[in-house]
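What follows is the residue order along each chain.
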Amino acid sequence: MMSLRIRLLLGGIGLLFCGTSVMAQPLHIYYNVLTQQPTYVCGGDTLDQAVVKNREEVYLHLTDLNTFRYGVEVTKTEEVPAEGTGGGLPFLQNLVPGGGLPSFGGMAGGVDPLKDISGDAGETYDEWSGEETVRGMVSAEFEGALLEFRTRFEDLLFEMDDTERKMQKLNTTLRATMAQRDKVELARREIKYLKHYPNLKPQQITTIAEEFIKNAIGNKPDDFDMLSIAEEQAKSLRTDLAKLEKLRGQYHQQTQTLNEMREELYLMGVPPGNELVQELDNSIGEVHTASLKVEENLAKNQASVETIVNTNQMAYTRSLIELRYEIEQIRSATFTYTERFAADGGAFRLNPSLYALDTAGNRTGAAAVKLTPVRVGVRGGLRISSSVGLSLGQYFSAPQDYLVREGVVVGADKDRFLPIVNTFFHFHPYSNGKASLGGALGVGLPLTGTDAAQSATFLLGPSLVLGSRDKVYLSAGLIGGRVQRLGAGLEVGDPFSNLDGVLPTTSRYELGYFFSLSFKLFGQ
């Protein structure tokens, strides 16, 4: 019977030390910064709770995070049952939709240096009609000369109008090129600002940035060459500027011809008061005034373009290069943050917080904002702790006192129950709950029944661990200690003469069982 009980106890201890099978795969926690809601994924499956096997890895992924605006710090703390869930991120509670978008702004303010070069001269040309009759009839000798003069005047007006239209077309091209330069600078500036604009989702940042990029450089390939773009535009500007200069010279010559025709009209000797002569004179005067204004605008335009091409070209190239940097940052941004942690203890909390970054990517002096912590439960693995408590034990064979009565060895049973003050080392797995099973190995000192032969007792058995911080241990199992027994081969009932001397006894280890209540002393 005794051997059967020993086998049952040893079998129970062995079962307790067999671990429960847990998936040996890392746990991925996808934490949305905007909603502060985590999703737990392990082995491709979505879990209801964050639980991982001891010694496995935990990956925390912060998603929908503006990594241009915020840096991340994550601390890991052992779970304390009394702790709350931590603070929130108030200013991210009511994020877009509903938030405002940044002002795209307009083009650079100020007066456009490439203004309309024609002024009101075109209207003056259009007022002249070749169908008018000669008014204020004069003698035949002047009539033919005035008609020929008017024909030449009309031809000159058409030539000047054609020249002006060509200059206006070139002017429009130059203005478009200059506007494109402004768009590059606008995109560079606004994307830099956009990356740090509050209350925008990452997808909104990417979408708006791509709109700026398309508006600035069109549908360029991802590997476009900024230097080539700058050089091609400068070359185009110089070519158009040379054409404009040639047309400007041609127009100046036509203006000189117009001035000469006015003097010719005065020298024709037509009598004063002729209506046709007066009308011609007025028209020539108006066209001449308008042409001087056109030439003045042309000079200003040419000076502006030359300044841009010759002086500001490097600034434009630098804007293109910086825009390329911004494009690469935007297109390569994942708007996520990942950090790895080891589940090397009991349940723990991951406490993410965000700190503000300036435009250079450096941390500002603003206080970090704490996000809601994430609790991670841990199962499996071996945990060691110690305790002190009181045990009640009993040997399988009761200890006895021996004496000789009427020449026969007699044995009297002692008290079967043995109170023991003991200390334990407990071995148990990490548990996500409030209770777990493990094993205990301890040593104790009996409080009664001690004599010179009595010494420390040793205890081994399973334990029930209650609580997650201030633990209580319920243990039971085998006890081993020294017990005084008959020596020299004697047994109870054997004859023994007092003349043979003192009854021989010996101290030897025997087994029993115990039950113990103990409390945590130190350890995890």
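Residues numbered from 1 in each chain as written. Predicted model: local features only at pLDDT ≥ 70, side-chain atom pairs only at ≥ 80, totals over all residues. Heavy atoms only, no water.

A. Representation of the overall build of the protein chain in the model. Secondary structure assignment for the protein chain yields seven helices and 17 strands. The buried share among the 524 residues of the protein chain stands at 40%. Look at the contacts in the protein chain between residues 6 or more apart in sequence, and 78% of them connect residues 24 or more apart. Surface accessibility of the protein chain: about 28000 Å² in total, with carbon and sulfur atoms responsible for 55%. (Helix = DSSP H or I, 4+ residues; strand = E, 2+ residues; numbered from the N terminus. Buried < 20%, exposed > 50% of the residue type's maximum accessible area, 1.4 Å probe, protein only. Contact = heavy atoms within 4.5 Å. Areas by Shrake-Rupley, 256 points an atom, 1.4 Å probe, with all protein chains shown as cover.)

B. Spotlight on the packing of aromatic side chains. Scanning all chains against the criterion turns up five aromatic pairs. A centroid spacing of 6.5 Å and a plane angle of 45° characterise the contact between Phe 458 and Tyr 509, whose relative ring orientation is tilted. Of this pair, Phe 458 sits in strand β15 (residues 457-466) while Tyr 509 sits in strand β17 (residues 505-523), and the two are 51 residues apart along the sequence. With a relative accessible area of 44%, Phe 458 lands in the partly exposed category. Since its relative accessible area comes to 45%, Tyr 509 is described here as partly exposed. If you follow Arg 363 out to its NZ or CZ, it ends over the ring of Tyr 355, 4.1 Å from the centre. (Phe/Tyr/Trp six-rings, centres within 6.5 Å; stacked < 30°, edge-to-face > 60°. Lys NZ or Arg CZ within 6 Å of the ring centre and 35° of its normal.)

C. Seen up close, the pairing of strand β8 (residues 348-356). Within β8, eight of the nine residues are buried, which leaves it mostly tucked inside the rest of the structure. Here strand β6 (residues 70-78) pairs with β8 via nine bridges, running antiparallel. From the neighbouring strand, Thr 77 faces β8, where its bridge partner is Arg 349. Two strands pair when backbone bridges link them, and β8 and strand β9 (residues 369-370) are joined in this way by two bridges, in the antiparallel orientation. Bridged to Ser 353 within β9 is Lys 370. (Pairing = 2+ DSSP bridges.)

D. Summary view of the environment of Leu 478. Within the element layout of this structure, Leu 478 appears in strand β16 (residues 472-486). The sequence separation of Leu 478 and Phe 458 amounts to 20 residues, and the corresponding C-alpha distance is 8.3 Å.

E. A look at the environment of Val 408. Checked against the element boundaries, Val 408 lands in strand β12 (residues 408-413). The spatial distance from the C-alpha of Val 408 to the C-alpha of Val 492 is 7.9 Å, given a sequence separation of 84 residues. Contacts of Val 408, omitting those with residues within four sequence positions, involve Leu 403, Gly 493, Asp 494, Pro 495 and Phe 496.

F. Inspection of the pattern of salt bridges at higher detail. Enumeration over the complete set of coordinates arrives at 15 salt bridges. The partner of Glu 328 in a salt bridge is Arg 324, with the nearest N and O atoms 2.9 Å apart. With Glu 328 and Arg 324 both in helix α7 (residues 313-332) and four residues apart, this pair spans about one turn of that helix. For Glu 328, a relative accessible area of 36% puts it in the partly exposed group. Residue Arg 508 pairs with Glu 510 through a salt bridge whose shortest N-O separation is 3.4 Å. Connected through salt bridges with shared partners, the residues Glu 185, Arg 188, Arg 189 and Glu 322 form a single ionic network. (Salt bridge = Lys/Arg side-chain N within 4 Å of Asp/Glu carboxyl O.)

G. Expanded view of the confidence of the model for the protein chain. When pLDDT is averaged along the protein chain, the result is 75, and 76% of the positions lie at 70 or above. Predicted confidence in the protein chain is weakest over helix α2 (residues 121-127), with a mean pLDDT of 43, and strongest over strand β1 (residues 27-32), with 94. In this model residues 4-23 is a low-confidence stretch, pLDDT under 50, and it forms 22 contacts with partners more than four residues away in sequence or in other chains. Confidence drops under a pLDDT of 50 for residues 80-138, and excluding neighbours within four residues, the segment shows 122 contacts in the predicted structure. (pLDDT = per-residue confidence, 0-100.)

H. Geometry of unusual backbone geometry. Notably, Gln 36 is not glycine yet its phi reads approximately 55°, a positive angle. Despite not being glycine, Asn 199 shows a phi value in the positive range, around 65°. For Asn 199, the position within the fold is in the loop between α3 (140-194) and α4 (202-217).

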